[in-house]
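One letter stands for each residue in the lines below.
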Amino acid sequence: MTRAHNFSAGPAVLPLEVLKEAQQEFLDFAGSGSSVIELSHRGPEYVEVDRQAQERLKRILGLGEDFEILFLQGGASHQFMMVPFNFLGTSQTADYINTGTWSKKAIKEAKLFGRVNVAYSSEELNFSRVPESSELKLTPEAEYVHFTSNNTIFGTQFRKEPETNGVPLVCDASSDFLSRPLDVSRYGLIYAGAQKNAGPAGLTIVIVRKDFLAKGKKEGIPTILNYNTHVGTMFNTPPVFGVYMFNKVLAWIEANGGLAAMEARNAAKAKLLYDEIDADDFYMGTTEAASRSHMNVTFRLKDESLTKTFLAEAESRNLKGLKGHRSVGGFRASIYNACEPESVEALTAFMKEFRR
Ligand SMILES: *Cc1c(COP(=O)(O)O)cnc(C)c1O
């Protein structure tokens, strides 16, 4: 078996230790004689998995008792609708920062529910940057300020949270969730699809602060779309395999030094790549330097006629998933937590060779 150097944007690489452990216990979980996907979600084995995942996530992020953790389904795209359904009334305003395809989709849904103020947009720059806080045109009485912490397609990332004068942040953290420490006190709600940096597709992690939740709408929300329905109880069958894998990824993060260690490891991998891109003008970054993502490194060739050759030769060296999104072109190396430094080294070695 040869494992690929996997640079896929999502679903994406997971830690090999996690995959092996899951493989080993797939047919007989915790001595039950059944697979974890064959057991009742209300039975003792799964209930323990759910409890462990919640405890670990609290420990890793430093979440206090003032936060609720929900394991939902539907992906981040579902949260684009669920957030304004719960928190944006027809006469209320929310601020949205438009830094890419996903932000735009979130804005489209929010407009169905209330007033949306686009506090900043980099659309006319083909989303090649994220704003400084001083550039935001915020609404003082906004219910929340929504931002996308890492723009998976365009390869930009906020280095720190936008300043909002006390208005709670709502964050689509799908593609950098658990890649670095967070100042959780700034957030009303954080959501992330697991499949970029935290587990398999099918699980959506939602972290919501209790006082923010208390300000949500009280009526007119279908039961399953109301966050309160999911607090402290499994309303319906959770994505059991996703939560099981997420729990293992969390254990892997803890065993490898937690979020500070993840941040350092990710920054070092990103630096290797950006240094190679910046070495001369053979390769070119597609984003403003100050906005560069440590998760999705986007770049292209100065001579774009060689793009296909680059991809084909990379593929033949087991370097997979490097094709850029069609709205940017060129290449995208997604280097999430589980991407090993060796994979990035193999890529930069190939980049040097290709240049020669
Ligand atoms: C992938 C991604 C999404 C979409 O996630 P789904 O789970 O497919 O709905 C949304 N936002 C960001 C930032 C993403 O990277």
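Residues numbered from 1 in each chain as written. Predicted model: local features only at pLDDT ≥ 70, side-chain atom pairs only at ≥ 80, totals over all residues. Heavy atoms only, no water.

## Brief notes about the overall build of the chain
Within the chain, the regular secondary structure consists of 9 helices and 14 strands. In terms of its C-alpha atoms, the chain occupies a principal-axis envelope of roughly 65 × 55 × 30 Å. Burial status across the chain gives 55% buried among its 356 residues. Nonlocal contacts in the chain, meaning residues at least 24 apart in sequence, comprise 68% of its contacts between residues at least 6 apart. On the chain, roughly 15300 Å² of surface is accessible, and the fraction owed to carbon and sulfur atoms is 52%. One way to put it: in the chain the 40 positive side-chain charges average out to a point 4 Å from where the 43 negative ones average out. (Helix = DSSP H or I, 4+ residues; strand = E, 2+ residues; numbered from the N terminus. Buried < 20%, exposed > 50% of the residue type's maximum accessible area, 1.4 Å probe, protein only. Contact = heavy atoms within 4.5 Å. Areas by Shrake-Rupley, 256 points an atom, 1.4 Å probe, with all protein chains shown as cover. Lys, Arg positive; Asp, Glu negative; His and termini not counted. Charge placed at Lys NZ, Arg CZ, Asp CG, Glu CD.)

## Examining the sheet that holds strand 5 (residues 145–148)
Ordered in space as 2-10-9-8-5-3-4, the 7 strands form an open sheet in which the pairing is mixed. Edge positions in the open sheet fall to strand 2 (67–72) and strand 4 (115–121), since each of these has one partner strand only. Ignoring strand direction, the axes of neighbouring strands in this sheet form an average angle of 15°. Set on the sheet, helix 4 (residues 101–110) makes contact with strand 3 (93–98), strand 4, strand 5, strand 8 (169–172) and strand 9 (187–193); between it and strand 3 the angle comes to about 160°. (Pairing = 2+ DSSP bridges. Axes fitted to C-alpha atoms, helices over the stretch in contact; angles between N-to-C directions.)

## Points about the packing of aromatic side chains
Aromatic ring pairs are defined here through the distance separating the ring centres and the angle between the ring planes. Within this structure, the stated rule accounts for 23 aromatic pairs. Residues Phe147 and Phe158 carry aromatic rings whose centres are separated by 5.1 Å and whose planes lie at 80° to one another, so their mutual orientation is edge-to-face. Residue Phe147 is located in strand 5, and its partner Phe158 is located in the loop between strand 7 (156–157) and strand 8; the two are separated by 11 residues in the primary sequence. Taken as a pair, Phe147 and Phe158 share a single burial class, namely buried. Between Phe147 and Tyr187, the ring centres sit 6.3 Å apart and the planes meet at 25°, which makes this aromatic pair stacked. Residue Phe147 is found in strand 5, and its partner Tyr187 is found in strand 9; the two are separated by 40 residues along the sequence. Here the aromatic cluster, defined as three or more aromatic residues joined through ring pairs, consists of Phe282, Tyr283, Phe299, Phe310, Phe331, Phe350 and Phe354. (Phe/Tyr/Trp six-rings, centres within 6.5 Å; stacked < 30°, edge-to-face > 60°.)

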